[in-house]
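Fold and geometry: a report
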Amino acid sequence: MTTTTDFDVRKLGGRIGAEIVGVDLSAELPAPLLDEIKAALLEHKALVFRAQELDDEGQLRFASQFGPLTTAHPTVPGIAEQPQILPVDSERGAANVWHTDVTFVQSPPKASTLRGIVIPPYGGNTLIANTAAAYRDLPRPLRDLADGLWAVHTNDYDYAGPRVDDEKYQQYREVFVSTKYRTAHPVVRVHPETGELGLFIGAFAQTIEGLSTTESKDVLRLLQAYVTRPENVLRVQWNPGDVVLFDNRITQHYAPDDYDKLPRRLNRVTVAGDIPVGIDGATSRILEGDEAAHYTPAAVS
């Protein structure tokens, strides 16, 4: 990628991921530089910024340059003094499933930022997958099938498994599902900026409209297998201070629980997104729960 400002965009994989070198995220980003970072995000889907010296305020400032911010989560509280920051903490559980952030609401986030704070000496990587590449990989008959499907996404399932004990996990789950959300999204989403088509599924997608539970699981498992092909996946190996930015509209991610109960802590800040649109122009529908106006500005715009 050719740039007009003094930094490098170094591809990390043929289908997804780039490292941004020569950018200090603690400084105010001039408009031309910010425009190039936004263009790199659309092209590469996930960007890695190494060895940044950001505090909470700095992460919030950086994320807000990509749009209005959500609060930490629709049901899980953020940091007391910073309600827009969600601690992704191994003490709360390990979200070791492939997912796109908060797809159980009508307006999921546009983008997510993660900042490495406590990193285990081994393991604890984050995997990020390109769902547009997955869609392009589908054989024509499967693509034709996916084009017409709608999936029901919900937070009412076993998302974050226990790492400490069953009591802590049960307490976390009660908070996680304190308000139940069910939203119908197109299985194939049109990216609002690039027009790319991507598979919009992941672990919150539990059923397919018009199919039985068993049929839904089989279809979702088949489509998901294309998302997680190794050539579609970036593996981010964390160091303290690293920042990762990914396009939540056209990626999934996964944090393997492979660090032997050692502490791991990232802080997440998400940028508000729009309502997904399918190939036929139809938009996502709320089936249960509210519009999540307390969570995302997109719900009241």
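Residues numbered from 1 in each chain as written. Predicted model: local features only at pLDDT ≥ 70, side-chain atom pairs only at ≥ 80, totals over all residues. Heavy atoms only, no water.

Counted only if it meets this: UniProt positions are given in the numbering used here, feature names are shortened, and annotations may be inferred rather than shown by experiment.
Identification of the protein chain as TauD/TfdA family dioxygenase from Catenulispora yoronensis is taken from an unreviewed UniProt entry. UniProt's Sequence similarities (unreviewed entry) comment on the protein chain is quoted here verbatim: "Belongs to the TfdA dioxygenase family." Recorded under Cofactor (unreviewed entry), the UniProt text for the protein chain is reproduced unchanged: "Fe(2+)".

A short note on the pattern of salt bridges
For the record, the criterion: One side-chain nitrogen of Lys or Arg within 4 Å of one carboxyl oxygen of Asp or Glu is enough to make a salt bridge. Secondary structure elements are taken from DSSP: a helix is a run of H or I of four residues or more, a strand is a run of E of two residues or more, and numbering for both begins at the N terminus.
For the structure shown, the criterion picks out 16 salt bridges. With its nearest N and O atoms 2.8 Å apart, the salt bridge here joins Asp-137 to Arg-15. On the criterion of sequence distance, the pair formed by Asp-137 in helix H3 (residues 131-137) and Arg-15 in the loop between strand E1 (8-11) and strand E2 (18-21) is long-range, its members being 122 residues apart. Across the salt bridge formed by Glu-196 and Arg-136, the nearest N and O atoms sit 3.5 Å from each other. Remark: Arg-136 occurs in helix H3 and Glu-196 occurs in the loop between strand E9 (188-190) and strand E10 (197-199); sequence separation between them is 60 residues. One network of salt bridges, in which partners are shared, links Arg-15, Asp-137 and Arg-229.

Quick notes on the sheet that holds strand E7 (residues 150-154)
Note the cut-off: At least two bridges found by DSSP between two strands are what make those strands a pair. What counts as an axis is a line fitted to C-alpha atoms, over the stretch in contact for a helix, and the angles between N-to-C directions run from 0 to 180 degrees.
Pairing within the open sheet is antiparallel, and its four strands lie in the order E11-E7-E8-E16. Of all strands in the sheet, those bounded by a partner on one side alone are strand E11 (205-208) and strand E16 (285-288). Averaged over all pairs of adjacent strands, the angle between their axes in this sheet comes to 35°, without regard to strand direction.

Here's the deal with the environment of Arg-50
What counts here: Two residues qualify as a contact provided that any one of their heavy atoms is within 4.5 Å of a heavy atom in the partner residue. Identification of polar contacts relies on pairs of N or O atoms within 3.5 Å, with a donor-acceptor requirement for protein atoms, meaning one able to donate a hydrogen and the other able to accept it, and with residues adjacent in sequence counted only if both atoms are side-chain atoms.
Its location among the elements puts Arg-50 in the loop between strand E3 (46-49) and helix H2 (56-64). Residues Arg-50 and Ile-279, 229 residues apart in the sequence, show an inter-C-alpha distance of 37 Å. In contact with Arg-50, other than residues within four places in its own chain, are Glu-19, Gln-237, Trp-238, Asn-239 and Asp-242. For Arg-50, the side chain forms a polar contact with the side chain of Asp-242, separated by 2.5 Å.

Considering helix H4 (residues 140-147)
Applied cut-off: Exposure is judged per residue with a 1.4 Å probe applied to protein chains only, and the accessible area is read against the type maximum: over 50% gives exposed, under 20% gives buried, and values in between give partly exposed. Comment: arc refers to directions from the helix axis out to C-beta atoms.
Looking at H4, one finds that the buried residues are Leu-142, Arg-143 and Ala-146. Along the axis of H4, the buried residues cluster in a sector spanning 100°; they form a single face. On its buried face, H4 sits against H3, E9, E10 and helix H6 (213-227).

Some points on the packing of aromatic side chains
Where we set the bar: The pairing test for Phe, Tyr and Trp rings, Trp by its six-membered ring, is centres within 6.5 Å, and the orientation test on the planes gives stacked under 30 degrees, edge-to-face over 60, and tilted for anything in between. Two thresholds decide whether a charge sits over a ring: the Lys NZ or Arg CZ must be within 6 Å of the ring centre and within 35 degrees of the ring normal.
Under the criterion given, the structure shown has seven aromatic pairs. Both rings, one in Phe-62 and one in Phe-66, keep their centres 5.3 Å apart while their planes meet at 80°; by these two values the pair is edge-to-face. For Phe-62, a relative accessible area of 1% translates into the label buried. Grouping aromatic residues by their ring pairs yields a cluster made of Phe-104, Tyr-157, Phe-176, Tyr-181 and Phe-204. Just above the ring of Phe-200 sits the side chain of Arg-189; from NZ or CZ to the centre is 4.9 Å. The aromatic ring of Trp-150 is capped on one face by Arg-285, whose charged end is 5.4 Å from the ring centroid.

Here we look at the side chain of Arg-268
In this structure, Arg-268 sits in strand E15 (residues 265-271). Residue Arg-268 is classed as buried on the basis of its relative accessible area, which comes to 7%. A distance of 3.3 Å separates a polar atom in the side chain of Arg-268 from the backbone oxygen of Ala-72. Ignoring anything within four residues of it in the chain, the contact list for Arg-268 reads Gln-59, Ala-72, His-73, Gln-84, Ile-85, Leu-86, Val-88, Asp-101, Val-102, Thr-113 and Leu-114.

Notes on the sheet that holds E1
The mixed open sheet is built from seven strands, whose spatial order is E1-E2-E3-E13-E5-E15-E4. Looking at the sheet topology across the chains shown, the edges are occupied by E1 and strand E4 (86-89). Along the sheet, successive strands turn relative to each other by an average axial angle of 25°, direction set aside. The pairing of strand E5 (residues 111-118) with E15 spans seven bridges and is classified as antiparallel. Within the sheet, the bridge partner assigned to Ser-112 lies in E15 and is Thr-270. Each of E1, E2, E3 and strand E13 (243-247) is contacted by helix H1 (residues 31-44), which is oriented at about 125° to E3, the strand it contacts most. Docked against the sheet, H2 engages E3, E5, E13 and E15, running at close to 30° with respect to E15.

Structural notes on the layout of surface pockets
The cut-off we apply is this: Grid points spaced at 1 Å over the protein atoms alone were grouped into cavities, where a 1.4 Å probe fits but cannot get out, and pockets, open sets with protein on both sides within 12 Å along at least five of seven lines, with lining residues defined by an atom within 4 Å of a point. Grid points are joined across faces, edges and corners, and a volume is the space filled by probe spheres set on the points. Three classes are used, and their members are as follows: Ala, Val, Leu, Ile, Met, Phe, Trp, Tyr, Cys and Pro are nonpolar, Asp, Glu, Lys and Arg are charged, and the others, Gly among them, are polar.
Space inside the largest pocket adds up to approximately 200 Å³. Every residue along the wall of the largest pocket is listed here: Trp-98, Ile-201, Gly-202, Ala-203, Ala-205, Gln-206, Lys-217, Leu-220, Arg-221 and Gln-224. Looking at the lining of the largest pocket, the elements with two or more residues in it are E11 and H6. Element by element, the count of residues in the lining of the largest pocket is highest for H6, at four residues. Here the lining of the largest pocket is built from residues that sort into five nonpolar, three polar and two charged.

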